[in-house]
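Observations on the model geometry
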Amino acid sequence: MDKTKIIDGKMVSELIKTKVTAEIIEIKKKNYRLPSLTIIQVGDNKASSTYIKNKKIACEKVGIICNALTYPQTISETTLFNIINKLNQDSSVDAILVQLPLPSHINSEKIINTIAIKKDVDGFTPQILGRLMLGHYQLLPGTPKGIMLLLEHYQIKLPGQHVVIIGRSNIVGKPLANLLINASTTVTVCHSQTKDLSSFTKQADILIVAVGKPKIITPEMVKENAIIIDVGVNRDENNKLCGDVDFENVIPKVKMITPVPGGVGPMTIAALLENILYLYYQNNNS
Ligand code: GUN
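A quick note: this is a predicted structure, and the numbers were derived from the prediction, not measured. (Residues numbered from 1 in each chain as written. Predicted model: local features only at pLDDT ≥ 70, side-chain atom pairs only at ≥ 80, totals over all residues. Heavy atoms only, no water.)

1. So, the environment of N178
This is how it is decided: What counts as a helix is a DSSP run of H or I of at least four residues, what counts as a strand is a run of E of at least two, and both are numbered from the N terminus.
Relative to the elements of secondary structure, N178 occurs in helix 7 (residues 173-182). C-alpha of N178 to C-alpha of L134: the two residues are 44 residues apart in sequence and 8.5 Å apart in space.

This is the structure:
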């Protein structure tokens, strides 16, 4: 593995966590209430449980209070709606995170819209996404924010670059496309209905892959010296964690690449911690 090419998300996330920890030490010194996050999980989706466990560990490590609430798969939309409304009114809760996906009988958009904007730590409410589109960045969704912080840390020049994003989700592809347009890149968004995907990926100066399919990006699909950001978290044929990019075979061809694990994943969590702190300060000043 060529370490000089690795975009080390674990290392950059540790720098952010150190800063967050320092701020929380100051809060403790003043004997103020600590920042708090409430996570809502519906059902027992294995991937969601892992993500939530990682978020909880990260919070507790930096001194943020994290309450993870789990409800049965069969919970009604109305009950969930009432739970969120209670949390909206609870002044000891700074941040609310509803882990997605929700079961199909629940309208996710409606549930997300129930979260008070001032507690929307994921930045998934229409108001926050709308502000993002307009270039107002008080709070950004975790994964797009984490990716932008990585690009910034490694001083990757953006204006004029052609960024190809594969994936058009509301969580990653769409917000990221807007952030990168605002950063003066030329953005192409590809998705499951894109014809001749390779013809686009081969043009990318920066290729961002958020598909959720193991190793679908092969060396033939990338341009020489491209920068690759891999958002995928999958298991390969040996049940080993891997991304959407065939890392071992792609790395000789590219300028820089994020590994899985240790790339985008830790940055999403670091961005979440920053967002919790941001909401805490907002909450205490209003
Ligand atoms: N499911 C996958 N990623 C995310 C995320 O960033 N936030 C939430 N709430 N659910 C997710």
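So, next bit.
2. Let's talk about the nonpolar core
Heads up, the rule is: Nine residue types can take part in a nonpolar core, namely buried Ala, Val, Leu, Ile, Met, Phe, Trp, Tyr and Cys, and a core is a set of them joined through side-chain atoms within 4.5 Å. Relative accessibility under 20% of the residue-type maximum defines a buried residue, over 50% an exposed one, and the middle range a partly exposed one, all with a 1.4 Å probe and only protein chains included. Contacts: residue pairs with any heavy atoms within 4.5 Å of one another.
Counting residues in hydrophobic clusters, the biggest one holds 50 residues, and the most contacted among them are L37, L180, I208 and I276. At 10 residues, the largest contribution of residues to this core is made by helix 10 (residues 264-285). Every residue in contact with L180, bar those within four places of it in the chain, is listed here: M148, L151, L158, V163, I165, T185, V187 and I208. Counting residues in hydrophobic clusters, the runner-up holds 18 residues, among them I6, L207, V209 and I257.

3. Topic: unusual backbone geometry
Of note, the bond from L100 into P101 is cis; its omega dihedral lies within 30 degrees of zero at 5 degrees. One can find P101 in the loop between strand 3 (95-98) and helix 4 (108-114). Omega for the bond connecting V260 with P261 falls within 30 degrees of zero, at 0 degrees, which places this linkage in the cis form. Take P261: it is sitting in the loop between strand 10 (256-257) and helix 10. Positive phi, close to 60 degrees, is recorded for N31, a residue that is not glycine. Here N31 falls in the exposed class, since its relative accessible area comes to 71%. Phi is positive for N225, which is not a glycine, with a value near 70 degrees. Looking at the element boundaries, N225 is found in the loop between strand 6 (206-209) and strand 7 (227-230).

4. Notes on the side chain of N275
Position of N275 relative to the elements: it lies in helix 10. By relative accessible area, which is 1% here, N275 ends up buried. Once residues within four sequence positions are removed from consideration, N275 is found in contact with V121, L139, L140 and K145.

5. Here we look at the site of the ligand
Definition in use: Here a residue is considered near a molecule or strand provided that any single heavy atom belonging to it is located within 4 Å of it. As used in this structure description, the phrase polar contact means that two N or O atoms lie within 3.5 Å; if the pair is within protein, one of them must be able to donate a hydrogen and the other to accept it, and residues adjacent in sequence are counted only when both atoms belong to side chains. Only the protein chains shown count as cover for residues, with accessible areas throughout obtained via the Shrake-Rupley method and a probe of 1.4 Å. Ten residue types, Ala, Val, Leu, Ile, Met, Phe, Trp, Tyr, Cys and Pro, are classed as nonpolar, four, Asp, Glu, Lys and Arg, as charged, and the remainder, Gly among them, as polar.
If you check the shell around the ligand, you find K55, L97, V98, Q99, L100, D122 and F124 and nothing else. In the model, a nitrogen atom of the ligand is placed 2.8 Å from a nitrogen or oxygen of the V98 main chain. Between D122 and the ligand, the recorded distance is 2.6 Å, taken from a side-chain N or O atom to a nitrogen atom. Notes on the ligand: free accessible area 280 Å², of which the protein chains cover 83%. When the residues that make up the shell around the ligand are grouped by side-chain class, the tally is four nonpolar, one polar and two charged.

6. Looking at helix 3 (residues 77-89)
Note the cut-off: Each residue after the first adds 1.5 Å to the expected span of a helix. Along the arc lie the directions from the helix axis toward the C-beta atoms.
Between its terminal C-alpha atoms helix 3 stretches 19 Å, which fits the 18 Å expected from 13 residues at 1.5 Å a residue. Turning to helix 3, its buried residues number three or more, namely L80, I83, I84, L87 and N88. With its buried residues spanning 145 degrees around the axis, helix 3 presents them on a single face. The outward face of helix 3, more than 90 degrees from its buried face, is lined by the exposed residues T78, K86 and Q89. Contact partners of the buried residues in helix 3: strand 1 (36-42), strand 2 (65-71), strand 3 and helix 4.

7. Here we look at the pattern of salt bridges
Close approach of charged atoms allows side chains of opposite charge to pair. Cut-off, in case you're wondering: Throughout this description, the term salt bridge denotes a Lys or Arg side-chain nitrogen within 4 Å of a carboxyl oxygen of Asp or Glu.
The full count for this structure, using the stated rule, is nine salt bridges. As a salt-bridge pair, K10 and E14 come within 3.0 Å of each other at their nearest N and O atoms. Of the two residues, K10 and E14 are both situated in helix 1 (residues 9-29); the distance of four residues between them amounts to about one turn of the helix. E14 gets classed as partly exposed once you look at its relative accessible area, which sits at 30%.

8. Overview of a nonpolar patch on the surface
Put simply, the test is: Each patch is built from salt-bridge-free residues with over 30% relative accessible area, joining like charges within 9 Å and nonpolar side chains (Val, Leu, Ile, Met, Phe, Trp, Tyr) within 5 Å.
Among the surface-exposed residues, Y51, V233 and L241 lie close enough to one another that they form a single nonpolar patch of about 230 Å² accessible area. Assignment of secondary structure puts V233 in the loop between strand 7 and strand 8 (234-235). Its relative accessible area of 42% is what places V233 among the partly exposed residues.

9. Regarding the sheet that holds strand 5 (residues 186-190)
Stated precisely, the cut-off is as follows: DSSP calls a pair of strands paired once it identifies at least 2 bridges connecting them. Geometry is summarised by axes, namely lines fitted to C-alpha atoms with helices restricted to the contacting stretch, and by angles between N-to-C directions that run from 0 to 180 degrees.
Pairing is parallel in the open sheet, where five strands are placed in the order 5-4-6-7-10. Because the sheet does not close on itself, it has two edges, and the strands there are strand 5 and strand 10. The sheet contact formed by strand 7 and strand 10 spans two bridges and is parallel. Looking at the pairing, I227 lines up with M256 of strand 10. Seen against the sheet, helix 7 touches strand 4 (162-166), strand 5 and strand 6 and runs at an angle of roughly 175 degrees to strand 4.

10. Considering the packing of helix 5 (residues 126-134) against helix 7
Geometry of a packed helix pair, given as the angle between the helix axes and the separation of the axes. Going by this rule: In these notes the angle categories are as follows: under 35 degrees is roughly parallel, over 145 is roughly antiparallel, 65 to 115 is roughly perpendicular, and the rest is oblique.
Two elements in contact, helix 5 and helix 7, have axes separated by 8 Å at closest approach and are oriented at 25 degrees. Taken as axis vectors, helix 5 and helix 7 run roughly parallel relative to one another. For the pair helix 5 and helix 7, the contacting residues are L129, L132 and M133 in the first and P175, N178, L179 and N182 in the second. Partitioning the contact of helix 5 with helix 7 into residue classes produces five nonpolar, two polar and no charged.

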